[in-house]
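# Tertiary structure, described
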Amino acid sequence: MKCRVCRGPAVVDVRRHNAGFCAEHFIDHVHRQVERAIDDFRMFSPEDRLLVAVSGGKDSLAVWDILLDLGYDATGFYLDLGIGGYSERSKQAAVGFAQRRAAKLIVRSLADEHGFSVPELARLTGRVPCSGCGLNKRYEFNRAALQEGFDVLVTGHNLDDEVATLFGNVLHWNVDMLGRQAPVLEERVIGGDVALVRKVKPLVRLAERETAAYALLRGIDYIVEECPMVAGNTQHRYKEAVTLLEEASPGTKHQMYFGFLQRAAQRFAGDAGEGRLVRCSSCGAATPAWDDGEAVCSFCRTKALAQRRREQGPPERKSRRRRR
Ligand code: SF4
Ligand SMILES: [Zn+2]
Ligand SMILES: [Zn+2]
């Protein structure tokens, strides 16, 4: 296969575009796809200060790399989740990338900020690790962006991530989630102050295979191993299912996601459940105003539960007396 642009030997083929690219023109192609997503969805402007949530994986390091190349003011943010050696190695990938690109990286640790790690939180609350982890990440990313004065929070979600989420939301008819599924979530304000920072996903026009090829061609040293707590993550199963369909019919993922945005997303806008926000009475973060007057955010409620369980110690085991 030949490069679509220079007719030299292609190193990457993008089947849904029916095109091959040499390394140089594939990198151009990736940059153009990201620029187009930024323009089409009016994600941000060159004056905005961007905070990029970096996990050490290929997607988040790729989006940071691309935004720096395109001349944006992009700072990385790494949150140490305390998942043993995996967190250590992913932190090293984020720090190493920042050093090589001479870019600013903010590092925080969940244990330092709140006194528990993701595995500990899962053990204390009895909930699956990914659910507590997602809550922690959403809370800490937003908190860091507000505290450090950033305008926009950038995540490395790619087309595969968005299609898998859409597929799961349709399977379960999560209409509120369908109402919120978009490449841009606008900022929310309480009493004139930003309480939820604008969130954007500039990689939505790129498949996972393309971000992996980009990271490889750019020599980005990312963490390849999967999180050891991923077992049972339904998102992975949905990704595999949609990838099977894509292999049989290239373009399926793009058609499903962008078809949804163009033809269906608006129909669910009223289901998004984006009612009035108030400040959490414990930490001051934004939380929905419930009818019963409850104004403690879900992060604080989860943290309080974990602290209570820790103070109580492990539940006592009932002694089993043998009947005589
Ligand atoms: S797999 Fe689950 S626990 Fe691990 S980083 Fe992802 S969301 Fe967190
Ligand atoms: Zn070329
Ligand atoms: Zn709170």
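Basis of the calculations
Residues numbered from 1 in each chain as written. Chains lettered and ligands numbered in written order. Predicted model: local features only at pLDDT ≥ 70, side-chain atom pairs only at ≥ 80, totals over all residues. Heavy atoms only, no water. Helix = DSSP H or I, 4+ residues; strand = E, 2+ residues; numbered from the N terminus. Contact = heavy atoms within 4.5 Å. Lys, Arg positive; Asp, Glu negative; His and termini not counted. Charge placed at Lys NZ, Arg CZ, Asp CG, Glu CD. Donors = N, O, S within 2.8 Å, 3.2 Å for Na, K, Ca; no water. Tetrahedral: all angles 85-135°; square planar, octahedral: opposite > 155°, others 65-115°. Buried < 20%, exposed > 50% of the residue type's maximum accessible area, 1.4 Å probe, protein only. 1 Å grid on protein atoms, 1.4 Å probe; cavity = no way out; pocket = protein on both sides within 12 Å on 5 of 7 lines; lining within 4 Å. Points joined across faces, edges and corners; volume = space filled by probe spheres on them. Nonpolar A, V, L, I, M, F, W, Y, C, P; charged D, E, K, R; others polar. Patch = residues over 30% accessible without salt bridge, like charges linked within 9 Å, V, L, I, M, F, W, Y side chains within 5 Å. Areas by Shrake-Rupley, 256 points an atom, 1.4 Å probe, with all protein chains shown as cover. Salt bridge = Lys/Arg side-chain N within 4 Å of Asp/Glu carboxyl O. Near = heavy atom within 4 Å. Core = buried A, V, L, I, M, F, W, Y, C linked by side-chain atoms within 4.5 Å.

Right, let's get into the overall build of the protein chain. The number of helices and strands found in the protein chain is twelve helices and twelve strands. Structurally, the protein chain occupies a C-alpha span of about 80 × 55 × 40 Å along its principal axes. Considering only intrachain contacts with a sequence separation of at least 6, the fraction spanning at least 24 residues in the protein chain is 69%. Taking the average location of the 48 positive side-chain charges in the protein chain and that of its 42 negative ones, the two points are 8 Å from each other.

Here we come to the coordination of the zinc ion (ligand 2). Every protein donor of the zinc ion (ligand 2) is listed here as Cys-3 (SG), Cys-6 (SG), Cys-22 (SG) and His-25 (ND1), and their distances to the metal cover 2.0 to 2.3 Å. One can describe the donor arrangement at the zinc ion (ligand 2) as tetrahedral, given that its four donor atoms subtend angles of 95 to 115° at the metal. Here the donor residues of the zinc ion (ligand 2) are spaced in sequence according to C-x2-C-x15-C-x2-H. Placement of Cys-6 in the segment before β1 (12-14) and of Cys-22 in the loop between β2 (19-21) and α1 (23-40) is noted, with a sequence separation of 16 residues between them. Residue Cys-6 is classed as partly exposed on the basis of its relative accessible area of 41%.

Here the idea is plain: a probe the size of a water molecule rolls over the atoms and shows the empty space left. Put simply, the second largest pocket is a space of about 300 Å³. In terms of lining, the second largest pocket is formed by 14 residues, of which the most central are Ala-207, Arg-209, Glu-246, Glu-247 and Lys-253. At the level of secondary structure, the elements contributing two or more residues to the lining of the second largest pocket comprise α7 (159-171), α9 (208-217) and α10 (234-248). In terms of residue class, the lining of the second largest pocket is built from four nonpolar, one polar and nine charged.

For the rest of this paragraph, the subject is a positive patch on the surface. On the surface, Arg-127, Arg-301, Arg-308 and Arg-309 cluster together to form a positively charged patch. Here Arg-127 lies in the loop between α5 (118-125) and α6 (129-147).

Taken together, Leu-81, Cys-130, Cys-133, Lys-137, Cys-227, Met-229 and Val-230 make up the full set of residues adjacent to ligand 1. When grouped by side-chain class, the residues that make up the shell around ligand 1 number six nonpolar, no polar and one charged.

What follows deals with unusual backbone geometry. Most peptide bonds are trans, and most residues other than glycine sit at a negative phi. Positive phi values are uncommon outside glycine, yet Asn-18 reaches one of about 50°. By the secondary structure assignment, Asn-18 is in the loop between β1 and β2. On the basis of relative accessible area, Asn-18 is assigned to the exposed category, the value being 66%. With a phi angle near 45°, Arg-42 is a residue other than glycine that sits in the positive phi range. Topologically, Arg-42 is positioned in the loop between α1 and β3 (49-53). Judged by its relative accessible area of 67%, Arg-42 falls in the exposed class.

Turning our attention to the nonpolar core. Membership of the largest hydrophobic core comes to 51 residues, with the highest contact counts inside it found for Phe-44, Trp-64, Leu-67 and Val-154. Each residue touching Val-154, except ones within four places of it in the same chain, is listed here: Phe-44, Leu-50, Leu-51, Val-52, Ala-53, Val-63, Leu-67, Val-200 and Pro-202. One finds Leu-51, Leu-79, Ile-83 and Phe-150 within the second-largest nonpolar core, a separate group that totals 27 residues.

To continue, consider the coordination of the zinc ion (ligand 3). Coordination of the zinc ion (ligand 3) by the protein involves Cys-280 (SG), Cys-283 (SG), Cys-297 (SG) and Cys-300 (SG), with metal-donor separations of 2.3 to 2.4 Å. For Cys-283, a relative accessible area of 34% translates into the label partly exposed. Exposure remark for Cys-300: the relative accessible area of 11% places this residue in the buried category.

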